[in-house]
Amino acid sequence: MSDKAIGIGLIGLGTVGGGVGKLLTEQANLFAQRLGRPVELRRVLVRTQDLAAAKASKLVPAALLTDDAEDFFKQDTAIVVELAGGVNPMRQFVSRALESGRHVVTANKSLLAKHGPELFALARKHNVSIAFEASCAGGIPIIYTLQFSLLSNRVHGLYGILNGTCNYILTQMTRHNQPYDTALDAAQKLGYAEADPTLDVSGADAAQKLSILASLAFGTRIVGEQVPCEGIDKLELADIGFGKEMGYDVKLLGIAERGDDGKVSVGVRPCFLRADDLLADVTGPFNAISVLSDALGHSLYYGAGAGRMPTASAVVSDILNIASGWYPQAFAQLRLTPDLHEPAALLPAEQLVSRFYLRVNAMDLPGTMAQVTTALAEHEISISAVMQHERNEGQHVPVVVITHEVAQGDLNAAMAKIAGLDCIAGRPVVIRIVDLPH
Ligand code: NDP
Ligand code: HSE
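Just so it is clear, the structure is predicted and the values come from calculations on it, not from any experiment.

J.: What's the story with the environment of methionine 246 in this structure? I'm lost.
T.: Within the element layout of this structure, methionine 246 appears in the loop between helix H12 (237-245) and strand S8 (248-258). In this structure methionine 246 comes out as partly exposed when scored by relative accessible area, which is 22%. Residues methionine 246 and alanine 275, 29 residues apart in the sequence, show an inter-C-alpha distance of 9.2 Å. Setting aside anything within four residues of it in sequence, one finds methionine 246 in contact with Ala385, Met387, Val400 and Ile402.

Here it is in structure tokens:
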């Protein structure tokens, strides 16, 4: 074994940073044995106001802690691990690490979804690498899978439960009848949620992850802002219940699909899945990603998508893979990251073809259903199932319609017409239905 240790600098000692500090300390011997040389945490940069608490936490030896960035960058470190989160000042810290010839490990999907191509190019320029497994789906090795294990495949679809907080909240609501606010509060206390949980529930966090995954899956360049997203915060219990009656479970899905013409469709929204779909069984803070590719077919990746130790697992593996030397070589040689690719040709949202669940509040009188189905027929929308419970004549009642495959633009036009009918009250609800192969 070589005596020459690999020096690590860590920025941020919060949920994930604390887990990384703990794992590096507790498993130091195992990692040294596997690598053939020790991995040594040499400095941990925290904010001034957190210094005393960080010392008291004993997550890492107090002597390693600093609140001085100059002191942090003065140390002899080969890898900087960025676990503070957010775009600024982490863009500057990561750039400085790369420019000084250090590899970077980060879990920061916000930073990569916005500035990934620029930072990957900067790493290339300075002959170092960026490893980012923990940025998508926490501890699940989905980035390595797309980059290395599926190198022999062309991927044409990716369907992911990418936000642990949302999946935890939906599970608590649908399986344990817990109110939304109580479930969100618990997700925050358990360390799943982002510092600003609106990033989770609005779908923005999943959209950032999807932009990273879709860029890798399709060998293209997509930034987070290009991914349309709808969160779980407007989802109504009524629709979860009607969906269940019709054999569907709701999940917040990030979906990326590439057509034969090379056009890419991306989006995050609550979707109905058949209750017997494997993704429908993914509960709690777990994440899962179904990947459709030409040679392998359908493959599914499942595991803990958030939380201290599962995320630390991915970060520390990144550190070890860099330290071993194979990852920097693969980063340099393989043309995988979005800095090397053209911007994606995105499919306009109205051209997306899918099945949909619709719910309207319709007056329970003769002729109402005819008006709704006429509006759908005018846009060539074919109905697969209709459900109305027998009740409330002369009052508004929920009517649920399941369509066959239809272009979203046609559906939007039909729904605008339906929303304007005198017999319809309130906002119609539209939820995509996703049919995945078994
Ligand atoms: P936390 O908020 O728990 O921890 C971040 C820590 O970094 C905080 O202690 C924060 O201090 C500190 N920090 C912020 N800015 C600076 C700075 N300029 N200098 C030094 N320290 C700083 O976040 P998480 O650990 O949950 O997340 C870290 C990263 O990992 C994020 O990018 C997140 O998206 C990602 N991630 C998180 C997962 C999870 O399950 N939590 C899973 C996968 C990825 P302060 O408290 O004072 O703000
Ligand atoms: N807040 C994120 C989630 C953490 O809930 O999935 C993992 O990126």
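J.: For this particular structure, what's the right way to read the site of ligand 1?
T.: Ligand 1 sits among 22 residues. The nearest are Val16, Arg47, Asp50, Lys109 and Gly307. The contact in question runs from an oxygen atom of ligand 1 to an N or O atom on the side chain of arginine 47, over 2.6 Å. Glycine 307 has a polar backbone atom sitting 2.6 Å from an oxygen atom of ligand 1. Taken by itself ligand 1 offers 890 Å² of open surface, and the protein chains cover 82% of this. The residue inventory of the shell around ligand 1, partitioned by class, reads ten nonpolar, eight polar and four charged.

J.: Got a minute to help me understand the pattern of salt bridges in this structure?
T.: Side chains that differ in charge, positive against negative, can pair when their charged atoms come close. If you walk through the whole model with that rule in mind, you get 21 salt bridges. A salt bridge links aspartate 249 to arginine 175, with the nearest nitrogen and oxygen atoms 3.8 Å apart. Of this pair, aspartate 249 sits in strand S8 while arginine 175 sits in helix H8 (residues 164-176), and the two are 74 residues apart along the sequence. Taking the relative accessible area as the measure of exposure, aspartate 249 reaches 16% and is therefore buried. With a relative accessible area of 43%, arginine 175 lands in the partly exposed category. One network of salt bridges, in which partners are shared, links Lys109, Glu194, Asp205 and Lys209.

J.: Honestly, the packing of aromatic side chains in this entry has me stumped. Any pointers?
T.: For any pair of aromatic rings, geometry is given as the distance between the ring centres together with the angle between the planes. For the structure on display, the rule yields 15 aromatic pairs. Here tyrosine 144 and phenylalanine 148 contribute two aromatic rings whose centre-to-centre distance is 5.6 Å and whose plane-to-plane angle is 85°, an arrangement assigned as edge-to-face. On the criterion of helical spacing, the pair formed by tyrosine 144 and phenylalanine 148 is a turn pair, its members being four residues apart in helix H7 (residues 142-149). Overall, tyrosine 144 belongs to the buried group, its relative accessible area being 14%. Through a chain of ring-to-ring contacts, three or more aromatic side chains come together here, namely Phe120, Phe132, Tyr144, Phe148, Trp326, Tyr327 and Phe331. The side chain of arginine 124 reaches across the aromatic face of phenylalanine 331, ending 4.5 Å from its centre.

J.: Before we go on, may I ask you to explain the site of ligand 2 in this structure?
T.: Looking at ligand 2, there are 13 residues lining it, with Lys109, Gly164, Thr165, Tyr192 and Asp200 nearest. Tyrosine 192 is positioned with one of its backbone polar atoms (N or O) 2.7 Å from a nitrogen atom of ligand 2. The protein chains hide 93% of the 260 Å² of surface that ligand 2 would expose on its own. Secondary-structure elements contributing two or more residues to the shell around ligand 2 are H8 and helix H11 (204-218). A class-by-class count of the residues in the shell around ligand 2 yields four nonpolar, four polar and five charged.

Criteria and thresholds
Residues numbered from 1 in each chain as written. Chains lettered and ligands numbered in written order. Predicted model: local features only at pLDDT ≥ 70, side-chain atom pairs only at ≥ 80, totals over all residues. Heavy atoms only, no water. Helix = DSSP H or I, 4+ residues; strand = E, 2+ residues; numbered from the N terminus. Buried < 20%, exposed > 50% of the residue type's maximum accessible area, 1.4 Å probe, protein only. Contact = heavy atoms within 4.5 Å. Near = heavy atom within 4 Å. Polar contact = N/O pair within 3.5 Å; in protein donor to acceptor, adjacent residues only side chain to side chain. Areas by Shrake-Rupley, 256 points an atom, 1.4 Å probe, with all protein chains shown as cover. Nonpolar A, V, L, I, M, F, W, Y, C, P; charged D, E, K, R; others polar. Salt bridge = Lys/Arg side-chain N within 4 Å of Asp/Glu carboxyl O. Phe/Tyr/Trp six-rings, centres within 6.5 Å; stacked < 30°, edge-to-face > 60°. Lys NZ or Arg CZ within 6 Å of the ring centre and 35° of its normal.

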